[in-house]
Amino acid sequence: VKKNENRYEPTVLGEIVNELLVGSFPNIMSVLFTSEMEDSLDRVEEGTVDWRKLLTDFYRPFDESVKQAEKE
């Protein structure tokens, strides 16, 4: 981004990077994912969810998405 008169504006490079990220990781680059992850992390803090399971459940599909994005 660049700052223009106390406002932030996206650059062309920023828009390209955003498109690539959203295209390669649509399930992660979403408000719903962020909301659900925040809830899950709150449950980890409360001790009702095991952090290892949370990370394992996240990482396996994420790792496959990264591998696919590298190919594309």
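For the structure, check the block above.
Residues numbered from 1 in each chain as written. Predicted model: local features only at pLDDT ≥ 70, side-chain atom pairs only at ≥ 80, totals over all residues. Heavy atoms only, no water.

J.: Can you walk me through the overall build of the protein chain in this structure?
T.: Looking only at helices and strands, the protein chain features three helices and two strands. Along the protein chain, from the amino end to the carboxyl end, the secondary structure elements read β-β-α-α-α. Computed over the C-alpha atoms, the radius of gyration of the protein chain is 16 Å, more than 25% above the 11 Å expected from 2.2 N^0.38 for a compact globule of 72 residues. Its C-alpha atoms put the protein chain at 45 × 35 × 15 Å along the principal axes. When the accessible area of the protein chain is evaluated, it comes to approximately 6200 Å², of which 55% is carbon and sulfur surface. Averaging the locations of the 9 positively and 16 negatively charged side chains of the protein chain gives two centres separated by 3 Å. (Helix = DSSP H or I, 4+ residues; strand = E, 2+ residues; numbered from the N terminus. Rg over C-alpha atoms; globule rule 2.2 N^0.38 Å. Areas by Shrake-Rupley, 256 points an atom, 1.4 Å probe, with all protein chains shown as cover. Lys, Arg positive; Asp, Glu negative; His and termini not counted. Charge placed at Lys NZ, Arg CZ, Asp CG, Glu CD.)

J.: Got a minute to help me understand the packing of helix H2 (residues 31-46) against helix H3 (residues 51-71) in this structure?
T.: If you want to describe how two helices pack, look at the angle between their axes and the distance between the axes. The geometry of H2 relative to H3 is characterised by a closest axis approach of 10 Å and an angle of 160 degrees between their N-to-C directions. Here H2 is positioned roughly antiparallel relative to H3, judged by the angle of their axes. Seen from H2, the contacting residues are Phe33, Met37, Ser40, Leu41 and Val44; seen from H3, they are Trp51, Leu54 and Phe58. Tallied by class, the residues present in the contact of H2 with H3 amount to seven nonpolar, one polar and no charged. (Axes fitted to C-alpha atoms, helices over the stretch in contact; angles between N-to-C directions. Parallel < 35°, antiparallel > 145°, perpendicular 65-115°, else oblique. Contact = heavy atoms within 4.5 Å. Nonpolar A, V, L, I, M, F, W, Y, C, P; charged D, E, K, R; others polar.)

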